[in-house]
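Residue strings, one per chain:
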Amino acid sequence: RPTRALLSAVARFGHPFAAPWLIQQLADEALADHAAAALSLLFGPIVAAPSILDAAAWRGTVASLAADPGQRLRLGRPWSAAVVAGECASGELSRLDLELRLDELTARLGAGDRPDLGGLAPHVRPRLGAFLEQAQRRG
């Protein structure tokens, strides 16, 4: 059974051909919001409220993109460390989502020791900033 974590992982992987499966998950009332978030993570804000949970809106919009199956996406752009670092620096991610992005940068780029986010914000911000700068230089 799909879960929020699985939807997020599929979206973070970035393959545009995951769209039909993610769109299908919009039909599950318990997962619809998470499926919409995953689709937005993959393709960017191409479907807005009130249509964000509408499978037909997503199907039509995604089909019009003609996405390249050889190109991994994040927020509708080709995946890059800069795009992921921008997500991290936005201040909009939950602690869990931030941890996942840092793991992703570490795994994909060998970006060095990722910062421990367990401390207080004033102590974490400089380490996080340095890590994100390093990731951007590598990717």
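Structure report, in brief. (Residues numbered from 1 in each chain as written. Predicted model: local features only at pLDDT ≥ 70, side-chain atom pairs only at ≥ 80, totals over all residues. Heavy atoms only, no water.)

Turning next to the environment of Q71. Within the secondary structure, Q71 sits in the loop between α4 (55–65) and β1 (73–74). For Q71, the residues in contact, after removing those within four places along its chain, are G14, P16, P78 and W79. (Helix = DSSP H or I, 4+ residues; strand = E, 2+ residues; numbered from the N terminus. Contact = heavy atoms within 4.5 Å.)

Residue P50 follows A49 across a cis peptide bond; omega there is 5°. Among the structural elements, P50 can be located in the loop between α3 (32–43) and α4. A positive phi angle is found at L75, which is not glycine, with a value near 55°. Relative to the helices and strands, L75 resides in the loop between β1 and β2 (77–78).

Another point: the packing of helix α1 (residues 4–13) against α3. Where α1 contacts α3, the axes come no closer than 8 Å and their chain directions differ by 15°. Our classification of the angle between α1 and α3 gives roughly parallel. Handedness of the α1/α3 crossing: right-handed. The segment α1 lies against α3, with R4, L7, S8, A11 and R12 engaging H34, A35, A38, L41 and L42. In the contact of α1 with α3, the residues fall into six nonpolar, two polar and two charged. (Axes fitted to C-alpha atoms, helices over the stretch in contact; angles between N-to-C directions. Parallel < 35°, antiparallel > 145°, perpendicular 65-115°, else oblique. Left-handed = near helix turned anticlockwise from the far one by under 90°. Nonpolar A, V, L, I, M, F, W, Y, C, P; charged D, E, K, R; others polar.)

Turning to the packing of helix α5 (residues 81–89) against helix α6 (residues 95–109), a few remarks are in order. Running from N to C, α5 and α6 point in directions that differ by 155°, and their axes come no closer than 10 Å. One element, α5, and the other, α6, form an angle in the roughly antiparallel class. Every pair of crossing elements has a handedness; the one defined by α5 and α6 is left-handed. Of α6, the residues touching α5 (which contributes A81, V84, A85, E87 and C88) are L98, R101, L102, E104, L105 and L109. Across the contact of α5 with α6, the residue classes tally to eight nonpolar, no polar and three charged.

On to the pattern of salt bridges. In this structure the tally under the stated criterion is six salt bridges. Its salt-bridge partner being R1, residue D28 comes within 2.9 Å of it at the nearest N-O pair. With D28 in the loop between α2 (19–24) and α3 and R1 in the segment before α1, this pair connects stretches of sequence that are 27 residues apart. With a closest N to O distance of 4.0 Å, D97 and R101 form a salt bridge. You can see D97 and its partner R101 sitting in helix α6, four residues apart, about one turn around the helix. Judged on exposure class, the residue D97 and its partner R101 are both buried. (Salt bridge = Lys/Arg side-chain N within 4 Å of Asp/Glu carboxyl O. Buried < 20%, exposed > 50% of the residue type's maximum accessible area, 1.4 Å probe, protein only.)

On to the nonpolar core. By size, the foremost hydrophobic cluster in this structure holds 21 residues, and its most contacted members are L7, L22, I23, L26, L39, F43 and W58. Within the residue set of this core, elements represented by two or more residues are α1, α2, α3 and α4. Tallying contributions element by element places α3 first for this core, with seven residues. With sequence-adjacent residues up to four places away left out, F43 is seen in contact with P16, A19, W58, V62, L65, L73, L75 and G76. Core analysis: the second largest hydrophobic core is formed by 15 residues, V84, L98, L102 and V124 among them. (Core = buried A, V, L, I, M, F, W, Y, C linked by side-chain atoms within 4.5 Å.)

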